[in-house]
Amino acid sequence: MSLATFIPEAPRIDRLPRYLYKYRSLAPGQSEYTRRILTHNELFFASPLNFNDPFENYFSLDIRAVEEKFVPMLQERQKRGFSEVPFWWIVEAIDKWRLNIRRDYLKTIGIVSLSQYPDNILLWSHYADSHQGVCFEFDLEEVGTFIEKSAIMPVVYSQRCPTSTMASEHLVKAVVHSMYTKAEVWSYEGEWRFVRRHTGPGPATFPSLMLSGIIFGADISAKDRDSFLILIKKYQPHVNVGIACKDPWAYGLRLFEVGKKFEGDPWDPEASILTC
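Residues numbered from 1 in each chain as written. Predicted model: local features only at pLDDT ≥ 70, side-chain atom pairs only at ≥ 80, totals over all residues. Heavy atoms only, no water.

Trainee: Would you mind going over the overall build of the chain with me for this structure?
Mentor: A count of helical and extended segments in the chain gives six helices and 14 strands. Looking at the chain as a whole, 44% of its 276 residues are labelled buried. Across the chain, contacts joining residues at least 24 apart in sequence account for 78% of those joining residues at least 6 apart. Looking at the chain as shown, the accessible area adds up to about 15300 Å², and 54% of this sits on carbon and sulfur atoms. (Helix = DSSP H or I, 4+ residues; strand = E, 2+ residues; numbered from the N terminus. Buried < 20%, exposed > 50% of the residue type's maximum accessible area, 1.4 Å probe, protein only. Contact = heavy atoms within 4.5 Å. Areas by Shrake-Rupley, 256 points an atom, 1.4 Å probe, with all protein chains shown as cover.)

Trainee: Just to check I follow, could you spell out the side chain of E137 for this structure?
Mentor: Structurally, the position occupied by E137 is in strand β5 (residues 134-139). It is R18 that comes nearest to the buried, bridge-free E137 among opposite-charge side chains, at 8.0 Å. Here Y21 takes part through its side chain, which lies 2.9 Å from a polar atom of the side chain of E137. A distance of 2.8 Å separates the side chain of E137 from the side chain of S212, its partner in a polar contact. (Lys, Arg positive; Asp, Glu negative; His and termini not counted. Salt bridge = Lys/Arg side-chain N within 4 Å of Asp/Glu carboxyl O. Polar contact = N/O pair within 3.5 Å; in protein donor to acceptor, adjacent residues only side chain to side chain.)

Trainee: Before we go on, may I ask you to explain a nonpolar patch on the surface in this structure?
Mentor: Together, I121, L122 and Y251 make up a nonpolar patch on the protein surface, roughly 370 Å² of accessible area in all. Turning to its location among the elements, L122 is positioned in helix α4 (residues 121-127). In this structure L122 comes out as partly exposed when scored by relative accessible area, which is 38%. (Patch = residues over 30% accessible without salt bridge, like charges linked within 9 Å, V, L, I, M, F, W, Y side chains within 5 Å.)

Trainee: Explanation requested: the pairing of strand β10 (residues 191-196) in the structure shown.
Mentor: Along any regular strand, the residues point their side chains to alternate faces of the sheet. For β10, a buried count of six out of six residues is recorded, marking the element as mostly surrounded by other parts of the structure. Judged by which residues are buried, β10 turns out to be covered on both faces: E191, R193 and V195 on one side and W192, F194 and R196 on the other are all buried. Where strand β4 (residues 110-115) lies against β10, six bridges are found, and the strand directions are antiparallel. Each residue of the ladder has a partner; that of S113, found in β10, is R193. Examined bridge by bridge, strand β6 (residues 152-154) and β10 share three bridges and lie antiparallel to one another. Bridge pairing in β10 links I152 to F194. (Pairing = 2+ DSSP bridges.)

Trainee: Can you help me understand the packing of aromatic side chains in this one?
Mentor: Working definition: an aromatic ring pair is given by the centre-to-centre distance plus the angle between the planes. Tallied over the entire structure, the rule returns seven aromatic pairs. Between F138 and F206, the ring centres sit 5.4 Å apart and the planes meet at 85 degrees, which makes this aromatic pair edge-to-face. With a gap of 68 residues between them, F138 in strand β5 and F206 in the loop between β11 (202-205) and β12 (211-216) connect regions that are remote in the sequence. On the numbers, 6.3 Å between centres and 80 degrees between planes, the contact of F216 with F228 is edge-to-face. Taken as a pair, F216 in strand β12 and F228 in helix α6 (residues 222-235) lie far apart in primary sequence, 12 residues in all. F228 gets classed as buried once you look at its relative accessible area, which sits at 0%. By the ring-pair criterion, three or more aromatic residues cluster together here, those being F45, F138, F146, F194 and F206. In this structure, K182 is placed above the aromatic ring of W186, and the distance from its NZ or CZ to the ring centre is 4.4 Å. (Phe/Tyr/Trp six-rings, centres within 6.5 Å; stacked < 30°, edge-to-face > 60°. Lys NZ or Arg CZ within 6 Å of the ring centre and 35° of its normal.)

Written out as structure tokens, the structure reads:
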């Protein structure tokens, strides 16, 4: 069954984008994992429990449903002479229960986060070491059996988090919905996700042709660029190679294919952009 069936507010996906992009740093501590994408055809499915946004995979319980279930119970206890239990204590206990359900479900999940944009200056700054890293392009027509296409979904940006009643089937839907929902402030990322269920986080090998392009950041060092070109020639000679250049006329980037950058004037504001 498609994950989309669990997400009532998600837009219907009639067609996937042809390409998605993964920004990566070449800084110490990150470089080895970045190079493994190139040398081992390896993507890492991260645990959603370790994401840096505390609102990731967050959902709330409908307080009205809690009141309807427990207020009559508390009133009945008082009629029978039992000591009063504060309603806030009930809410706190239920919230711990909610977090346990979230944790138990999400520990079986692995997620790869990508973007539909190869030229977003904030993504280059945040995830590619201030434009000193690289951006990988993945061709979704070549995913093969790496990931079910029904498990490739766009993130839905919203002002409100998913909400659930206390019914078990609603809780599961809320957890799944939360995997594809983020606050509107993140909408600039244009994020899509590969979601692997049941096997949990960890590395996975993708088909070689799925990697279709590599874009060098505007401020990548000559050393990193040249070492990457050697690896590309050895391990992925089929990929297109591009470079991001700072647009001299606007706050943005312009992408050029390596080898074609100087065919014409790349600083001409009317020149066409050659994407990888």
